[in-house]
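So the chains spell out like this:
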4 protein chains.
Amino acid sequence: MRYTIFGESHGPAIGVVMEGVPAGLVLDEGAIAAQLARRAPGKSPLATARKETDAVQILSGVFEGKTTGTPLAMVIANADQHSGDYESLRYTPRPSHGDYPGFVKSGGCLDYRGGGHFSGRLTAPLVAAGAVARQLLAPRGIAIGAHISAIYGISDAVLEDPEELLAVSQKEFPVLDDAKGEEMQAAILDAKEEQDSVGGSIECVVTGLPAGLGAPDFGCNVEGIFSQYLFAVPAVKGVDFGAGVAFALMRGSEANDPLVVQDGVITAKSNHAGGINGGMTNGMPVVFEVTLRPTPSIALPQESVDLRTGEEVEIAVKGRHDPCIVPRAVPVIEAAAALAACEVLGF
Amino acid sequence: MRYTIFGESHGPAIGVVMEGVPAGLVLDEGAIAAQLARRAPGKSPLATARKETDAVQILSGVFEGKTTGTPLAMVIANADQHSGDYESLRYTPRPSHGDYPGFVKSGGCLDYRGGGHFSGRLTAPLVAAGAVARQLLAPRGIAIGAHISAIYGISDAVLEDPEELLAVSQKEFPVLDDAKGEEMQAAILDAKEEQDSVGGSIECVVTGLPAGLGAPDFGCNVEGIFSQYLFAVPAVKGVDFGAGVAFALMRGSEANDPLVVQDGVITAKSNHAGGINGGMTNGMPVVFEVTLRPTPSIALPQESVDLRTGEEVEIAVKGRHDPCIVPRAVPVIEAAAALAACEVLGF
Amino acid sequence: MRYTIFGESHGPAIGVVMEGVPAGLVLDEGAIAAQLARRAPGKSPLATARKETDAVQILSGVFEGKTTGTPLAMVIANADQHSGDYESLRYTPRPSHGDYPGFVKSGGCLDYRGGGHFSGRLTAPLVAAGAVARQLLAPRGIAIGAHISAIYGISDAVLEDPEELLAVSQKEFPVLDDAKGEEMQAAILDAKEEQDSVGGSIECVVTGLPAGLGAPDFGCNVEGIFSQYLFAVPAVKGVDFGAGVAFALMRGSEANDPLVVQDGVITAKSNHAGGINGGMTNGMPVVFEVTLRPTPSIALPQESVDLRTGEEVEIAVKGRHDPCIVPRAVPVIEAAAALAACEVLGF
Amino acid sequence: MRYTIFGESHGPAIGVVMEGVPAGLVLDEGAIAAQLARRAPGKSPLATARKETDAVQILSGVFEGKTTGTPLAMVIANADQHSGDYESLRYTPRPSHGDYPGFVKSGGCLDYRGGGHFSGRLTAPLVAAGAVARQLLAPRGIAIGAHISAIYGISDAVLEDPEELLAVSQKEFPVLDDAKGEEMQAAILDAKEEQDSVGGSIECVVTGLPAGLGAPDFGCNVEGIFSQYLFAVPAVKGVDFGAGVAFALMRGSEANDPLVVQDGVITAKSNHAGGINGGMTNGMPVVFEVTLRPTPSIALPQESVDLRTGEEVEIAVKGRHDPCIVPRAVPVIEAAAALAACEVLGF
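The written sequence of each chain sets the order in which its residues are numbered from 1. Written order decides the labels, with chains lettered from A and ligands numbered from 1. With pLDDT at 70 or above as the cut-off, local features in this predicted model cover only qualifying residues; side-chain atom pairs require 80 or more to be listed or tallied, and sums for whole chains, interfaces and linings still use all residues. Side-chain measures here rest on the full set of heavy atoms in the structure, leaving out hydrogens and waters.

Moving on, we get to the packing of aromatic side chains. Pairing of aromatic side chains here covers Phe, Tyr and the six-membered ring of Trp, requires ring centres within 6.5 Å, and sorts the geometry by plane angle: under 30 degrees stacked, over 60 edge-to-face, intermediate tilted. For the coordinates displayed, the defined rule picks out 32 aromatic pairs over all chains. An angle of 40 degrees between the planes, with centres 5.2 Å apart, marks the rings of F218 of chain C and Y3 of chain D as tilted. Here F218 of chain C, found in the loop between β9 (200–207) and α6 (222–231), pairs with Y3 of chain D, found in strand β1 (residues 2–7), and the two come from separate chains. Given a relative accessible area of 7%, Y3 of chain D falls into the buried group. Linked through ring pairs, F226, F241 and F288 of chain A together with F231 of chain B together constitute an aromatic cluster. Helix and strand definitions here come from DSSP, where helices need a minimum of 4 consecutive H or I residues and strands a minimum of 2 consecutive E residues; each element is numbered from the N-terminal end. Using a 1.4 Å probe on the protein chains alone, a residue whose accessible area is under 20% of its type maximum counts as buried, one over 50% counts as exposed, and one in between counts as partly exposed.

Shown next, in the form of C-alpha cells:
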C-alpha cells in the first residue's frame, strides 16, 4: 500500500491516491468523514477561523460500496480561500516556514498562496487515507489512539494503560487529565491573544500489532517505517519511541522490560521499549511521542528578507492561522500511524 | 545510492553492498579503516573486550583505486568469536533485545550466536559504507561531526557553533566539555562495575548542505530520510531535529529563526529548526539528536521465559558487552548521517 | 519522476498523479490536449464509436503556467457511458480479457462496467503524463516518433532513417508507406465487418539520448526500464529492441554495429542494437517494436463460463469496441516511451 | 525479496545478496550447485574454454541449514583469469558490447578486464539466486522449464504441452527435437570455426502460478515484472509472451483463449495469452520467449575507435568467448523467471 498526496492550499482541489488497498473492504465513507471532522478547523477559538467543509469525493477504487483493489483516489475541493492575504508574502518568506527553501527548490515557481503544497491543509487527505487504513486494521484487532501529551510545557498525566488512549483520543480536547487540558487551552489562547503560537507534543499508541513484524535492517525496521510517515506530517520535529529521550537517563536494569508469561502468552512487565525491540514488534503496544513545533505563521512582526532585492524587511503574517496546531494534529498523527501500521503488516 | 548490509555476528563474514556509487571517486581505503577504528571495541575499559580487527576487503566496484560505478561490495571477516557464551541464551531471550521478536519472526530459525544479524557488530559495515559516502560529500563541502550530548543524565555543554563538532568528533571521547566527559565515563564504569549498562544521546551536525533539497512529501522529506537511516542503527529510540523536544516548551516567536542577510547570502539568525523547514533544507547546518537506549545485554539477573517450555526463568547474560554503546556509536551515527545526506543530495 | 494512474472506465473520472516533475517547466496545456486528440476515439470508422472529450483538468502542481515541482494531478471526467451494455458480462468474463483474473484477484469486487480499471480508456491519462514528459525531453533534444509497423500480417516499409518517424507519427494513419497503410485499414474494416478484431505492431524511436545512461543491473538497465513502461500499456504482449527477434537469425558479424567516427563523434555504422549495449544507451537512437494483441472484445459468439454457476456459456460482447487498437495505441506507446526516457535520464 | 549482484569478471569475487528470503527454508546447497553446473562453461566445444569452478560460499542468512530471513549473501571466487587478453581492448571497445557506453558512463573508470561487471560471468550469481527462488516455489507447486527454441534460424519443434519443458530443460542440449538440436549445434560449431558467433531464442514456461496475481498497473503487471528480470540478463534483446510477435498476424477470434471448465476448474482451451490477461495471471502456465543476440565478442576483425586518439582502428578480440550464449543461457533465463515468479507471488 502506498499513498500520494497532491494539491495546493488555494488550488482547485487537494487529494490522495492510495495504491495497493486490498479488494473487498466494505468502505465506510462516514468513518472517513468522521476522521476529517476531527481535524477540521473553524470549530473553536483554539484553531484558525478558516472553514473547510472537507467533503471527500471518491473518484476511483470503490464499486458498490467495496474497494476493488485498484488505485483509490479521493479528492477534496478547496473553498473559503482568502488568497489575497498572501500576496504580500510572495517574496518575503515567513521565518521557519517552508517558504524560503520552497522558493529556492522551485526557482521561485511555487504556489505561495496559503502555503501552497506546504500548507497544513494537505493533512486533510492524509487523514482520509488514514481513515481507510484504520478500516483495514480494525478487523485485525489493531486500534490507534493518541492524546496531547504537552503544550507549551504543560504536561498531561502520565499514560498508564495504553488502551485508555483509544477512548481519550475521541475527546474534543484529548487529554488524560482535563484540568491539565484547561491549562493547555489557556496557554493557547494566551498565545493567540499575543499574536503568537505555541508548540507541544502528542503521544500515540497502536495496540494489537502481533510480535515479529519488521526487521532491524534499513527500510524494514518498525521505528524507521513509523518515523517516515510521522515526519511527513508538517511541524513534526521529533519522534521518540517508548521511554524516548528518557532512555538517556536510564540504566539497562531500569530500561529493560522483563519477559513474563500472562494468560499463556509471552509478554513484558513494562513497555519502555514502546513495543519494538531490534526494529521488530514484540507484541506490546507500539507507543511513541512526536514533538510539534509552534506554528511558524504568527502575526507578530518578524525579520525576513525580500527575495527580489535581497534586503532585510520586517513582515507581519496576515491570514488565518492556528495558534497551536497540536489539537488538530491528533487525528493526523493517528492517520500517519495507521498508514505506518499497514506497511508494517505488509499491506 | 542504496546500501544493503548482510551478515551475522558469528558467521563467516559481514559486509555491505552499495549500489549507485558514482564512478571516478578516488577511494581512500585508509579513510575507511580510520572510521572503522573509531568504532572498534577492545580499546578501553568503557567497551566490550571483544577484539575486532575489522579489516575491510573490497570485492567489487573499485578498479585501479577508483570507483567504477558498479556495485561496491565490502566484506569484513569475523574473528574472536566466543559462540559458546550464547548457547544458554538460545531459548531464553534477553529482555528488550531483538531475541524474542526475532525468534517469533523467523519461527525459531535464527542465528542466536552473538545476536546474529541483530548484533551491534553489523554497524561495522555501516561505518564502512558511511566512510565511502563521506568521500562523496567532502568535495562538495559537506562535513559531519557529532558529540556525546548526554550519558545517564550527565549532559555535555550546549553546542554553540555546529562547526565545532567537526573537530570534537575526532576526540577519543568526543564531548565539548571534557570535565563532563569524565563524569560520563565514571558513570559508565560504575554501571559496568555493577554489571549494568547506561543510555545516552548523541548530537550530530551536517554542515554544507545547500538550501532547497528535499520536499514535504512522504518519502522525500529530509527529516524522514535522515530518520530512516538513523533508526536503522541498533539502540536508537528517538530522533529529534533542531530544538527537538524543547519545541514543546516554546512559542513561535522564540522558535522561529529570523531570516537575515549575511555576506550577501540569506541565512537565519538562529537554527532552532535544525536546518530543515517544511521538510526541506534551508541552508543552515542540519542538526539532530538521537537517543540510545542502555545496552539490553547486562550481567545482572533478569526475568525471561523459556521458549520451549513457556516457563518463566531467570537469566544472567554472559558474553562480552558494552556497558554503554554511546561512545562507539558516535562514528556509526555519523555514518548513517553521511548516507542520509547522500540520499538528500540525490546520489 | 513517478506516475500513478487511477480510475475506472465508467466511474466519475480517471486521472494521473505525477511526482517528481521538476519545477519551472512552462507547461503547454495545448500540447497535452493535442496528444490526447491523437488517441481519442470516435473520429474514424477504424475505432470505437464511443466519444470521449478527454478534457484534462490540472488539479495541482502548476501555478501561473509553470510546474511547481509538487505532485502534478490531472483528471479527466468520464462521459458518454453506456454502462448497461456491460451488465450481461458481469459474471461471464470475456475470453483473453482481464475480466477473469480481475474477478479472481478482487474476489468479485471489481467495477465490471466498460472494463473498469482494465479498460483501454485508462491510456488517456497515460498519454497526458507522457505529454508532460515530452515537454521535459524536448529542450534536451530528445524526440519520439512511431509508426504502425504491421497489422494483421501487413507490414509497413522498413525504417531506414529513425528521424523520419518524428514526422510520420503525426500522420492520421502513421505509416511510412501509405499504400501499405490502406491495406492495413482495409484489413481492420474487414475484421470489423465480420465482428472480429486484428492485432499488429508499432515501431518506436527515441532520438537524442546521450551515450552512457543506464546500467546492466536489474532495475537500472535501459531495456528493462522501457519494457516496464511498455508492458503497462494494455494489449502489449512483446517488446523487442533493435533487430529484435531477427537476432535469432543472425551471426555476430552481421549483428554487430561497427564503431566509427562521424563529425568527430563516436557512433555506429548500423543500429541493430537499437541504441542499447550492455543495458546502457550508446548514443544511437533507441529503437524498439511492440506487438499488440487483437482486441479481445469481439462481437462474435465466444465460449465463456458463468462465474456464479460454473457452467459453460456462450457470450457475444456488446458495447463499442475498437476492431484494432493499434492506430490509437501509437501515441500511447510514444507516451510510455517518453516516461521511460525520463527515468533513464534520471528525472 | 530483492537481489543485488556485485562483482567483476576478473576481480577477487562475484556474488549476490538476497533480501527478504523467508525464514525457515531448508536450503539445498546441492541444488544451487546443480543449477550452477548447468551454466558452467568449459564442458563442451560449444562454449568458452574458460573453466569456472563456481563454488558458492554462503556468507550469511543461513543457520543450521535453514534460511534465517536475514539477507542471504553468496560469493563465488574468481579464478582462471587471463586478464592479459584484455589489455589491448582497454581503449578500443568491442562493437555492440557494453565497453563503449560503459566507458562513457564511468568516465573511463571501469574494470575492462573480461568485460568487468558487464561480463556474462555475472550470470553465475543470478543462477545461484534463482536456485534459492526455485526452492521457495517448488513447495507451492510452481516449476520452471525452458528449451532452446531457435539458433541461427533453426527452430525447435513447436511446444505443445508446457509441462514437457520441465523435463526437456534438464537435457544437456535442451530441445524438444534432438535432430533440430544437432543442426543447431552444427551451426554453432560452424560459426566458431569461422571465428564468428550466432544468436537464438529460448522459450520458457512457469507452471503452477495461481490466477489473479499482478495488476494492469505500472510496476505491478506480470509481463512488466518478468521483463524487468529477463532484460537484466546480458544479450536478451526481446521478451514476448504467449503467441508473442505472432499476435500481429492474428484476429481476435484466433487469438482469444476460450474459457471452459475442466475438472471443476475454470481454464482456457488454448494459451495464446501465455498465462497473462490484463497484466494478471489467469491460472494457465506463463509462457514467454526471449531473443538473445549473437555474442558480440568475435575473433573476426572489426571496426572500432581508439578512445584516446579518436582514430578508427581495426580490432580482433582475443580471449575465450562463447560462439553462442544460448545453450548456457537456458538456466539463466529460468533463474530470472524464478525470481520474477517470486515477486509476482509477493515474496
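This part is about the interface of chain D and chain C. Counting residues at the interface gives 91 residues for chain D and 91 residues for chain C. Throughout, buried area stands for the accessible area (probe radius 1.4 Å) lost by two parts on being put together, summed over both. Summing both partners gives a buried area of about 7200 Å² for chain D against chain C, and 58% of it is carried by carbon and sulfur. Of all residues in chain D, the largest losses of buried area upon contact with chain C belong to F218, K237 and R251 of chain D, amounting jointly to 12% of the total for that side. Within this document, salt bridges are pairs made up of a side-chain nitrogen of Lys or Arg and a carboxyl oxygen of Asp or Glu, the two lying within 4 Å of each other. Here chain D and chain C share six salt bridges between them. Among the salt bridges present, the one from E194 of chain D reaches R251 of chain C, with a minimum N-O distance of 2.7 Å. Each polar contact in these results corresponds to two N or O atoms within 3.5 Å; when the atoms are within protein, one needs to be able to donate a hydrogen and the other to accept it, and residues that are neighboring in sequence are counted only if both atoms are side-chain atoms. Our count for the contact surface shared by chain D and chain C stands at 44 residue pairs in polar contact (both at pLDDT 80 or more). Per element, the largest residue contribution to the side of chain D that touches chain C is seven residues, and it comes from helix α7 (residues 222–231) of chain D. Here the residues of the side of chain D that touches chain C sort into 44 nonpolar, 31 polar and 16 charged. Across three bridges, the pairing between strand β10 (residues 236–241) of chain C and strand β10 (residues 236–241) of chain D is antiparallel. Bridged to G238 of chain C within β10 of chain D is D240 of chain D. Throughout, a contact is declared for two residues whenever any of their heavy atoms are within 4.5 Å. Polar here means any residue other than Ala, Val, Leu, Ile, Met, Phe, Trp, Tyr, Cys and Pro, which are nonpolar, and Asp, Glu, Lys and Arg, which are charged; Gly is therefore polar. We treat two strands as partners when DSSP finds at least two bridges between them.

If you walk through the whole model with that rule in mind, you get 65 salt bridges over all chains. Here R251 of chain A makes a salt bridge to D196 of chain B, at a shortest N to O gap of 4.0 Å. Residue R251 of chain A is located in the loop between β10 (236–241) and α7 (252–255), and its partner D196 of chain B is located in the loop between α6 (178–193) and β9 (200–207); the two belong to separate chains. By relative accessible area, R251 of chain A is classed as buried at 11%. Looking at D196 of chain B, the relative accessible area reads 6%, which means it is buried.

One non-glycine residue with positive phi stands out, namely Q195 of chain A, at about 60 degrees. Within the secondary structure, Q195 of chain A sits in the loop between α5 (178–193) and β9 (200–207). Classification of Q195 of chain A by relative accessible area gives partly exposed; the value is 41%. Notably, D263 of chain B is not glycine yet its phi reads approximately 50 degrees, a positive angle. What makes D263 of chain B exposed here is its relative accessible area of 78%.

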